[in-house]
Amino acid sequence: MKASLKWIKEILPSLKAAPAAIEKRFNAVGLEVEAVERQAEPLDGVIVGEVKKLAPHPDADKLRVAAVFDGEKTHQVVCGAPNVKEGQRVAFAPAGLTLANGVTLEQRKIRGVESSGMICSEAELGISDEHEGILVTKPRARAGTALSKVEALDDVVLELGVTPNRPDVLSHFGLARELSAMFGLERPKASVRVRESGGDAKTHAKVSIDDKRCEKFTGRVLLGVKVGPSPTWVKRRLKQLGIRSISNVVDATNIALMELGHPLHAYDLHKVAGQKLVARAAKDGEKVTLLDGSVKTLVADDLVIADDSGPVGLAGVMGGLDSEVTDATVDILLEAAVFDPKSVRQSARRHGLHTEASHRFERGVDTEMVETALDRCAQLIVELAGGQVLKGRLVDTKGKRKPIVAPIRPERASMLIGRPFDKKEVKAALTALGLRAVKNPAAAKGKKKAKKKDLYADALFFEVPSWRLDLSLEEDLIEEVGRLYGYDNIPAIMPPGRREPFTEAPKRLAERDVREILAHEGYGECISLAFDAEHDAEAMGLDLAQAVTLANPLGEESRVMRMSLVPALLRAARLNQDNLPSVTDLALFEVGKTFAWAKPAGELPKEALRIGLLLRGNRAPVSWTEKGTPVDAFDLKGSIEAVLEHYRVEGVRWLAHEVAWLHPRSATRIDHDGRTLGLFGELHPAVAEKYGLEGAPAFVAQLELDAIVKVAGARARFVPLPKLPPAQRDLSFFVSEDVAADTVLATIRGAAGPQLERVELFDVYVGKGVPEGQKSLAVALVFRAPDRTLTDSEVDGAQKTIIAALEGELSARVRAG
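Residues numbered from 1 in each chain as written. Predicted model: local features only at pLDDT ≥ 70, side-chain atom pairs only at ≥ 80, totals over all residues. Heavy atoms only, no water.

Break down the overall build of the protein for me, with residues and values.
A count of helices and strands for the protein gives 22 helices and 39 strands. Expected size for 817 residues packed as a compact globule is a radius of gyration near 28 Å; at 41 Å, the protein overshoots this value by more than 25%. In the protein, which comprises 817 residues, the proportion classed as buried is 48%. Put simply, 70% of the contacts in the protein that link residues at least 6 apart link residues at least 24 apart. Approximately 42,800 Å² of the protein is accessible, and the part contributed by carbon and sulfur atoms is 52%. (Helix = DSSP H or I, 4+ residues; strand = E, 2+ residues; numbered from the N terminus. Rg over C-alpha atoms; globule rule 2.2 N^0.38 Å. Buried < 20%, exposed > 50% of the residue type's maximum accessible area, 1.4 Å probe, protein only. Contact = heavy atoms within 4.5 Å. Areas by Shrake-Rupley, 256 points an atom, 1.4 Å probe, with all protein chains shown as cover.)

Talk me through the sheet that holds strand β32 (residues 653-656); I want residue IDs and the actual numbers.
In spatial order, the strands read β27-β30-β31-β35-β34-β33-β32; together these seven strands make up an open sheet with mixed pairing. Here the strands that pair on one side only, and so sit at the sheet edges, are β27 (524-525) and β32. Examined bridge by bridge, strand β30 (residues 586-596) and strand β31 (residues 606-616) share eleven bridges and lie antiparallel to one another. Bridge assignment links Glu 590 to a residue of β31, and that residue is Gly 612. The sheet strands contacting helix α17 (residues 566-579) are β30, β31 and β35 (698-704), and the helix crosses β30 at an angle near 145°. (Pairing = 2+ DSSP bridges. Axes fitted to C-alpha atoms, helices over the stretch in contact; angles between N-to-C directions.)

Tell me what's going on with the sheet that holds strand β4 (residues 60-69), and back it up with residues and numbers.
Ordered by their spatial adjacency, five strands build an open sheet running β5-β4-β3-β6-β9, and the pairing between neighbours is antiparallel. Each edge of the open sheet is held by one strand with a lone partner, namely β5 (74-79) and β9 (118-119). Sheet analysis places strand β6 (residues 89-93) next to β9, joined by two bridges and oriented antiparallel. Paired with Phe 92 across the two strands is Ile 119, which belongs to β9.

For the packing of helix α7 (residues 248-260) against helix α10 (residues 370-385), give the residues involved together with the corresponding values.
Close contact between α7 and α10 brings their axes to 9 Å; oriented N to C, the two are set at 140°. Judged by the angle between their axes, α7 and α10 are oblique. Once α7 is placed against α10, the crossing between them reads as right-handed. Between α7 and α10, the residues in contact are Asn 248, Val 249, Ala 252, Thr 253, Ile 255, Ala 256, Glu 259 and Leu 260 and Thr 372, Ala 373, Arg 376, Cys 377, Leu 380, Ile 381, Leu 384 and Ala 385, respectively. (Parallel < 35°, antiparallel > 145°, perpendicular 65-115°, else oblique. Left-handed = near helix turned anticlockwise from the far one by under 90°.)

Any chance you could break down helix α8 (residues 341-350) for me, citing the residues and the numbers?
Turning to α8, its buried residues number three or more, namely Ser 343, Val 344, Ser 347 and Ala 348. Axial view of α8: buried residues confined to an arc of 125°, hence all on one face. Looking at the buried side of α8, the elements it contacts are β18 (303-307), β19 (310-314), β21 (332-339) and α9 (356-361). Once α8 finishes, Gly 352 follows within two positions and takes phi at roughly 65°, a positive value. (Arc of directions from axis to C-beta.)

Could you give an account of the layout of surface pockets, with specific residues and numbers?
Put simply, the largest pocket is a space of about 1,800 Å³. If you trace the largest pocket, you find 43 residues lining it, with Lys 637, Glu 641, Val 652, Trp 654 and Asp 742 closest to the centre. Broken down by secondary-structure element, the contributors of at least two residues to the lining of the largest pocket are α18 (633-646), β32, β34 (675-682), α21 (741-752), β37 (756-765) and β38 (774-783). With seven residues, the top contributor of residues to the lining of the largest pocket is β37. Its residues assigned to classes, the lining of the largest pocket shows 24 nonpolar, four polar and 15 charged. If you add up the space inside the second largest pocket, you get close to 870 Å³. As for the second largest pocket, its lining consists of 33 residues, and the residues nearest its centre are Val 250, Asn 254, His 265, Leu 291 and Met 318. (1 Å grid on protein atoms, 1.4 Å probe; cavity = no way out; pocket = protein on both sides within 12 Å on 5 of 7 lines; lining within 4 Å. Points joined across faces, edges and corners; volume = space filled by probe spheres on them. Nonpolar A, V, L, I, M, F, W, Y, C, P; charged D, E, K, R; others polar.)

Give a detailed account of the pairing of β5, specifying residues and quantitative values.
Across six bridges, β4 lies against β5 in antiparallel orientation. Bridge assignment links Ala 66 to a residue of β5, and that residue is Val 77. Between β4 and β5, which pair antiparallel in sequence order, lie four residues; one of them, Gly 71, sits at a positive phi of approximately 100°.

I'd love a proper account of empty space enclosed by the protein, names of residues and values included.
Considering all chains together, one arrives at four cavities of 30 Å³ or more under this definition. Counted as a void, the largest cavity has a volume near 160 Å³. Around the largest cavity sit 16 residues that line it, and Pro 167, Asp 168, Leu 260, Gly 261 and Asp 366 are the ones nearest its centre. A breakdown of the residues in the lining of the largest cavity according to their chemical character gives eight nonpolar, four polar and four charged.

If you had to explain the pattern of salt bridges to someone new, which residues and values would you point to?
In total, this model carries 61 salt bridges according to the counting rule given. For the salt bridge of Asp 301 with Arg 350, the shortest nitrogen-to-oxygen distance reads 3.2 Å. Pair noted here: Asp 301 is in the loop between β17 (295-297) and β18 and Arg 350 is in helix α8, with a separation of 49 residues, a long-range link. Its relative accessible area of 35% is what places Asp 301 among the partly exposed residues. Classification of Arg 350 by relative accessible area gives partly exposed; the value is 36%. Between Arg 468 and Asp 470 there is a salt bridge whose closest N-O contact spans 2.8 Å. Both residues of the pair, Arg 468 and Asp 470, count as buried. Each of Arg 166, Asp 168, Glu 178, Arg 468, Asp 470, Glu 480 and Arg 483 takes part in a single network of salt bridges with overlapping partners. (Salt bridge = Lys/Arg side-chain N within 4 Å of Asp/Glu carboxyl O.)

Talk me through the packing of aromatic side chains; I want residue IDs and the actual numbers.
Enumeration according to the criterion identifies three aromatic pairs in this entry. Measuring from centroid to centroid gives 5.1 Å for Phe 339 and Phe 361, while their planes differ by 65°, and the two rings are edge-to-face. Within this pair, whereas Phe 339 is found in strand β21, its partner Phe 361 is found in helix α9, the two being separated by 22 residues in sequence. For the residue pair Phe 339 and Phe 361, the accessibility class agrees, reading buried in each case. Ring centres of Phe 421 and Tyr 485 lie 5.4 Å apart, and the angle between their planes is 85°; on these two criteria the pair is classed as edge-to-face. You can see Phe 421 sitting in the loop between α11 (410-417) and α12 (423-432) and its partner Tyr 485 sitting in helix α14 (residues 474-485), a full 64 residues away along the chain. (Phe/Tyr/Trp six-rings, centres within 6.5 Å; stacked < 30°, edge-to-face > 60°.)

Please set out the packing of α12 against α14 residue by residue, giving values where relevant.
Direction vectors running N to C along α12 and α14 enclose 90°, while the axes themselves pass 9 Å from each other. What the angle tells us is that α12 and α14 run roughly perpendicular. Along the contact surface, α12 presents Val 426, Ala 429, Leu 430 and Ala 432, while α14 presents Leu 477, Glu 480, Val 481 and Leu 484. Partitioned by chemical class, the residues of the contact of α12 with α14 number seven nonpolar, no polar and one charged.

Listed below in structure tokens is the structure:
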């Protein structure tokens, strides 16, 4: 928001602080000054010139040659303005000066006549949009005096970054009120007296509310106005704030808006059908043509201002074109209302609009300022356009807001701010901001004291003023005390605290550990939104009945909360494929939550912490030493094992599994005592096609991090290196192709006894020499005892036991030799 310091000081005459001091205080209390515009700077060098003589141009009918005196010497200037006359004091820019529009003046000939400098218009100086003629200043102004001084163009405009919770400072009055508290001055009062005459306004027009989203609807009737251009001071004031001057009546509504912060709208009374305005809900399909010429098709959720013929404006956003004030307007219906912030925000977004009015209504307006703003605007219209204000206001209201009362404990304020405050200081600070000290509401109602100690027994209580919509809690009041005291004034001290070691939450720790493990494995992390399209769930073969559907999705691609991490990884792979076709090697992971309604559906969806993995391309970049070996499911399995090894998960089984998004030949379920720790394998070709993945196959996994953490083994302990030698045996045998290698290894471990240190599968063979329907497996058995060297007979006995178990349980046949 742009704010004029001169305007603020008109509202708060006791404010004598320099612009730099005001800027500093604004920044200190959270109203960031984003830019400072000094009105006099672009006018530096522009002076008052006296037109001593005026003669026709010898070679141009519309040009004249003026002799302009600058207080020391006379300059010859060629001028085409129709309103230049001898004896005038004008805005004169000497040759060599650069104007606000970026033009540098040079001494040159114009149609054969030498011209030195320029007699300027307001538009050329950036003062206003007036460009029809030159700027003629005060007749007694001394030639050579700085124009900014004579025309009082010495204002300073601050551009403030106002946060959404502070709509009370979106006006010059609100800023003056804030500054009065900062500098310890008497708070300004917004009081306006309108001179009424003629008949009763209620006999000429009517306003009413037909929807509770309009809290208050007021109006005034003005007769006999004359619409035309605004005076210079109005045009300049609006120009400073970045607002275009339209007409004296419309400019009056904008002046009142920027002064008091409440939006208003003026209607041509005779264009309002039935001379009645009503705030009501729109009907589906109704249309309204707005002031910007756009035609909007309304929905039932829109709040409109309507007359007997239909909508004449989108409530709180923009008025309608059909009832606008024009040069032919004589009688006016002036409106000021209070609308629900949510309703205005939704309508503005729905129709792609953002106006000065919607900016304020979206954040909330002061309900007690409505009548004052209405009267101030009526007063301005009469001042600028004449006419008379009829007696009485038109008012309809849906009740009055109940004032908010909030507590504050000085000792808590002292603790949170970091500096001691007593009751007197707290009361002084909050009273300066417009809060009123009141009695404890509970005590005022005569409530009995509770058995437990009342936390607010020694608290102060304050009634929050109508303009401070952001204050309701004790913490809000404490923040105000600290803000007014000045954050820079709070001493820098170390806060007291218990010196206890920080213990990170187990889930957060698990996420961090997994990220480190997978980064070490060569994966890059993806961070995606927690939303998917419905077709993502369908592509994965997931049950859409369990999907958590959003009430207000960002779009069709984010309609449901994600049920799997895999779709986001596939989209990332497709993005890389499309934008970086030369980069075919991908190793991606994501750690995050998925969401689904549990069966039976509970009150809240089930959240699962998971790990998603994707591998594609070659194991290593192709080079003169590396020809390129494609990754396969075992590369992905190795990464998964790295995660399981970190958590010391033992007894894992890798079981063939059927799942819609994995290729049947490699789909694997990771099992631990019947609990699923994850799924992995090659991406199903049909899913790859749906996501547009071409060429090299992708290998994907989804691990259940919550489950992995639950079955994690005890913390690793150091085991001394063995001092005794191991005994190793290799065993080769035939077994049915249907028997999983994991089952074979489990059978060996179960039969071998405690002296088997480890067993490793080192060969799988199917082909010539192997009976049909079977496969050949070879395992390495390592035996060791902690207290002695094992004898051959002990090892042979253990091996015979293993062979017997394989033959008996799995119908295996040991190969000879």
